[in-house]
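Geometric and topological summary
Chain by chain, the residues:
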Amino acid sequence: MAATELQGGTPIESRREFANLKPGSQVPGYKGYISQIKYKCGRTYGDQTHILGAGKASPFCEASRSAPPLRGRAACAGQSCRDDKLPTRNEIPKATGDNKLTEEMVSGYTGYVPRRLYQHGNTFQRECDNSIDDFITQVKQRTREVQELRDYATMAPPMKPIIRDSEIRDHMNRFVDYRVRLPNVREQKRGLFEAPIPGYNGFVPRIGPTEVSLGLRYHEASAKGLAEFAGQQIHHASKTNPARAACLERTIGRDRTVSYPTQRSTGQYFDFDGRRVYKPDGMVPRYTGYMPQIKYDLGHTYGDTSRSLEVCKHDKTSYGVHLRTVQSSVA
């Protein structure tokens, strides 16, 4: 203050009286840290900082200004440096080097602290203390409940069986002999190609990623997809395990209601290994996949353009087979 008066400036008391600042309040526009102010609303900046500055732990209160500053950990000898620590229901564990949840949580710790998600409006240290305290309380309560349940189960008299094991075995044998082997029970099993009811949200092979379900009702598309899937299974097994292929053929032949495709109506061989993407019928408009050379064709519809491309109009099982055929003929 003396330095200010000697320089000819206005004394600090005069400035405070002119700004009409209350004790502990700050000038609007102050950029320093003020604890808890981001959680407050409905008052002016000066009034809010005055209310917050009235707290004991605030750096703006008169008591904290008059208190002597602490200089390092040496000033805390014989007393705790954390005099403002709130009491907890449980004793927070001390740091041993192996435990993570301790009473000295470092600000900026990014690991998981149980139940800290439900803590708001406090410093990081207090939030960690409250969270660890709640977590320890819940663990103790859960351990006590489990122990009470075990004690109750131990004190309760053992349950007595109402029937002997031999009678249960006889009943199970009778069920196998007279119920499972009945013809009407076998007939209740759904066939391999029986389509699910409309509205079924489960997985049906081949009707999603392929063109099997285009223009068909759900019942017909499901039956066609199951039939095509069975044909692919037999085709694959015939190359890897002929015995399994024969078994699948007998099973499918007994339950089949529609035949799996082996030949198209146009006479072209349907190769399950090829799975042509570009079909001779052309591609559906708004197809977003890659079409070779389509950007050089103008003046036609998308269907006519795709059908005129070499990648679609060949009659081989795949475009790679077509290219090998052309190269061999040229050579």
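Summary of the structure given here.

Each helix and strand counted, the protein has 12 helices and zero strands in total. Ordered by position from N to C terminus, the α and β elements of the protein give α-α-α-α-α-α-α-α-α-α-α-α. Considering only residue pairs separated by 6 or more positions, the protein has 38% of its internal contacts joining residues 24 or more positions apart. In the structure as shown, the protein presents an accessible area of about 25400 Å², 56% of it carried by carbon and sulfur atoms.

Formed by Ile92, Leu101, Met105, Val113, Phe124, Cys128, Ile132 and Ile136, the largest nonpolar core amounts to eight residues. Apart from residues lying up to four places away in sequence, Ile132 is in contact with Ile92, Pro93, Leu101, Thr102, Met105 and Val113.

On the surface, Ile162, Ile163, Ile168 and Met172 cluster together to form a nonpolar patch covering roughly 420 Å² of accessible area. The topology assignment puts Ile162 in the loop between α5 (124-155) and α6 (165-180).

A few words on the side chain of Glu103. Following the sequence through the fold, Glu103 ends up in the loop between α4 (62-66) and α5. Of note is the side chain of Glu103, whose polar atom sits 3.0 Å from the side chain of Lys94.

Attention now goes to the environment of Gln48. Looking at the secondary structure, you find Gln48 in helix α3 (residues 45-53). On the basis of relative accessibility, which here comes to 5%, the residue Gln48 falls in the buried class. Residues Gln48 and Gln26 lie 22 residues apart in sequence; the distance between their C-alpha atoms is 9.1 Å. When near neighbours in sequence (up to four residues on either side) are disregarded, Gln48 contacts Ile37, Lys40, Cys41 and Arg43.

The tally for this structure, following the rule as stated, stands at eight salt bridges. Two residues, Glu145 and Arg142, come together in a salt bridge whose shortest N-O distance is 3.9 Å. With Glu145 and Arg142 both in helix α5 and three residues apart, this pair spans about one turn of that helix. Arg142 sits in the exposed class, given a relative accessible area of 54%. The partner of Glu167 in a salt bridge is Arg164, with the nearest N and O atoms 3.1 Å apart. Accessibility expressed as a relative area gives 29% for Glu167, which makes it partly exposed. A network of salt bridges, in which partner residues are shared, links Arg89, Asp133 and Asp134.

Cut-offs and rules
Residues numbered from 1 in each chain as written. Predicted model: local features only at pLDDT ≥ 70, side-chain atom pairs only at ≥ 80, totals over all residues. Heavy atoms only, no water. Helix = DSSP H or I, 4+ residues; strand = E, 2+ residues; numbered from the N terminus. Contact = heavy atoms within 4.5 Å. Areas by Shrake-Rupley, 256 points an atom, 1.4 Å probe, with all protein chains shown as cover. Core = buried A, V, L, I, M, F, W, Y, C linked by side-chain atoms within 4.5 Å. Buried < 20%, exposed > 50% of the residue type's maximum accessible area, 1.4 Å probe, protein only. Patch = residues over 30% accessible without salt bridge, like charges linked within 9 Å, V, L, I, M, F, W, Y side chains within 5 Å. Salt bridge = Lys/Arg side-chain N within 4 Å of Asp/Glu carboxyl O. Polar contact = N/O pair within 3.5 Å; in protein donor to acceptor, adjacent residues only side chain to side chain.

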